[in-house]
Amino acid sequence: MPGGFGAPRATKRQKGKTGWQEIRQLTDRLTQPVEERSQNGARQAEIEALLTQYHQDHPEEAALAWSIGVYNPLAQVDLVTVGARFLEPDEEDWLAIARMVGWLLADDELDAIYFTAPPPEFALAQADWYVRPDLTDFLESPMLLQEVVHHYPIPVEVLQEVSEEWIQQLGWTRSQREQFIQKVFGAPEAELTKSDWEILLFELQIQMEL
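Numbers given to residues run from 1 along each chain, matching the order in which its sequence is written. Predicted model: local features are reported for residues with pLDDT of at least 70 only, side-chain atom pairs are reported and counted for 80 or more only, and whole-chain, interface and lining totals are derived from all residues. Side-chain measures were taken over the full set of non-hydrogen atoms in the model, leaving aside hydrogen atoms and water.

Enquirer: Sorry, what's going on with the overall build of the protein chain here?
Expert: In this description a helix means any DSSP run of H or I spanning at least four residues, a strand means any run of E spanning at least two, and both kinds are numbered starting from the N terminus. When helices and strands are counted, the protein chain shows nine helices and three strands. Starting at the N terminus and walking to the C terminus, you meet the elements of the protein chain as α-α-α-α-α-β-β-β-α-α-α-α. For every residue, the accessible area (1.4 Å probe, protein chains only) is compared with the maximum for its type, and the residue is labelled buried under 20%, exposed over 50%, or partly exposed between those bounds. Burial analysis of the protein chain (210 residues in total) assigns 38% to the buried set. At a minimum sequence separation of 6, the contacts of the protein chain that also span at least 24 residues come to 65%. Shrake-Rupley sampling with a 1.4 Å probe provides the accessible areas, and residues are treated as covered by the protein chains on show and by no other component. Put simply, the protein chain shows about 11,600 Å² of open surface, and 50% of that area lies on carbon and sulfur atoms. By definition, residues are in contact when any of their heavy atoms lie within 4.5 Å.

This is how it looks when you write it as structure tokens:
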């Protein structure tokens, strides 16, 4: 599952230079390979203490870094130990479709979410799955995944536009298109529901990968 640290793959906006660069430097050191960290447990403990002290001493900067999507103090928690919940089916579907239509700026939709908690406490008891704002085109700050699913449904028009683009890339004729849709749904294109268009995207993705 995604941890939450790392340089964003795409940057939509510049927030200005603040002290959160120092946070990034500390988190980069914390996210070195596990085997390397285990060789120097004392140093790891020191860095973790510095990181904790930093967001206590500079709560506004830590909150800003979190709001941009580059800081997650809970990235090192064991998700099994803390009982992080599994994603709901509607969340998994939304993430997959959002990636396919370009709403998520990531090759893997799970890279666009992380298990985190909001400032100023960053309390583990408040932790849940959030969508990273730096890997979307529409969020200005981290937002609970379930809220994103509810507040940002993917319109059927978007599904149709992407389906049309993929069908063109496949080079299908009108007849091939109609035959494929009839084979998958047993109905003509004019009768497809929004759910059908979502399924069609998954089916077309398979065809694109063949």
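Moving on, there is more to tell.
Enquirer: What exactly am I supposed to notice about helix 5 (residues 89-100) here?
Expert: Turn by turn, an α-helix covers 3.6 residues, leaving residues three or four places apart pointing in a common direction. Taking 1.5 Å as the rise per residue, helix 5 with twelve residues should run 16 Å; its terminal C-alpha atoms sit 17 Å apart, in good agreement. Those residues of helix 5 that are buried are in contact with strand 1 (113-116), helix 6 (145-151), helix 7 (156-170) and helix 9 (194-209). Two residues or fewer after helix 5 comes Gly102, characterised by a positive phi angle close to 90°. Expected span of a helix, by definition, is 1.5 Å for each gap between consecutive residues, and there is one gap fewer than residues.

Enquirer: Explain the pairing of strand 1 to me, please; I cannot follow it from the model alone.
Expert: Residues in a regular strand project their side chains so that they alternate between the two faces of the sheet. Neither face of strand 1 is left uncovered, since the one carrying Ile113 and Phe115 and the one carrying Tyr114 and Thr116 both have all their residues buried. With four bridges connecting them, strand 1 and strand 2 (residues 128-131) associate as antiparallel partners. Within strand 2, the residue paired with Tyr114 across the bridge is Tyr130. Strand pairing requires that DSSP identify at least two bridges connecting the strands.

Enquirer: What is the right way to read helix 4 (residues 59-68) from this model?
Expert: Looking at helix 4, one finds that the buried residues are Ala62, Ala65, Trp66, Ser67 and Ile68. Just downstream of helix 4, Gly69 is the residue with a positive phi angle, here 105°.

Enquirer: When you look at the sheet that holds strand 1 in this model, what are you seeing that I'm missing?
Expert: Two pairing modes exist for strands in a sheet, parallel and antiparallel, and in both the strands are linked by backbone hydrogen bonds. The strand order across the open sheet formed by three strands is 1-2-3, and the pairing between neighbours is antiparallel. The strands lining the two open edges of the sheet, one partner per strand, are strand 1 and strand 3 (143-144).

Enquirer: What's the story with the packing of helix 8 (residues 174-185) against helix 9 in this structure? I'm lost.
Expert: Angle between the axes and distance between the axes are the two parameters that describe a pair of packed helices. Packing of helix 8 against helix 9 brings their axes to within 11 Å, and their N-to-C directions diverge by 115°. Along this stretch, helix 8 crosses helix 9, giving a crossing that reads as right-handed. Residues Phe180, Ile181, Val184 and Phe185 of helix 8 touch helix 9, and the partners they reach there are Asp196, Ile199, Leu200, Glu203, Leu204 and Gln207. Polar here means any residue outside two lists: the nonpolar Ala, Val, Leu, Ile, Met, Phe, Trp, Tyr, Cys and Pro, and the charged Asp, Glu, Lys and Arg; Gly therefore counts as polar. Class assignment of the residues belonging to the contact of helix 8 with helix 9 gives a composition of seven nonpolar, one polar and two charged. Note on definitions: angles span 0 to 180 degrees between N-to-C directions of axes, and those axes are lines fitted to C-alpha atoms, for helices only across the stretch in contact. In this scheme, a crossing is called left-handed if the near helix is turned counterclockwise away from the far one by less than a right angle; it is called right-handed if the turn is clockwise.

Enquirer: Help me out: how do you make sense of a negative patch on the surface in this one?
Expert: Patch criteria: residues need more than 30% relative accessible area and no salt bridge. Like-charged residues are merged within 9 Å; nonpolar side chains of Val, Leu, Ile, Met, Phe, Trp and Tyr are merged within 5 Å. The term salt bridge refers to a side-chain nitrogen of Lys or Arg lying within 4 Å of a carboxyl oxygen of Asp or Glu. When charges are counted, Lys and Arg contribute as positive and Asp and Glu as negative, whereas His and the chain ends are disregarded. Note that the charge is assigned to NZ on lysines, CZ on arginines, CG on aspartates and CD on glutamates. A contiguous patch of negative charge, built from Glu88, Asp90, Glu92 and Asp93, is present on the exposed surface. With respect to the helices and strands, the residue Glu92 is situated in helix 5.

Enquirer: Would you mind going over the pairing of strand 2 with me for this structure?
Expert: In the sheet, strand 2 pairs with strand 3 via two bridges, with the strands oriented antiparallel. Bridged to Tyr130 within strand 3 is Leu144.

Enquirer: Quick question: what am I supposed to make of the packing of aromatic side chains here?
Expert: Two descriptors summarise a pair of aromatic rings, namely the distance from one centre to the other and the angle between the planes of the rings. Pairing of aromatic rings covers Phe, Tyr and Trp, the last through its six-membered ring, and needs centres within 6.5 Å; plane angles under 30 degrees mean stacked, over 60 mean edge-to-face, and all others mean tilted. Scanning the entire structure with this criterion turns up eight aromatic pairs. Ring geometry for Phe115 versus Trp129: centroids 5.4 Å apart, planes at 65°, classification edge-to-face. You can see Phe115 sitting in strand 1 and its partner Trp129 sitting in strand 2, a full 14 residues away along the chain. Take Phe115: its relative accessible area is 6%, and that puts it in the buried class. A relative accessible area of 1% places Trp129 in the buried class. Each residue in the set Trp94, Trp103, Phe138 and Tyr152 is aromatic and connected to the rest through ring pairs, giving one cluster.

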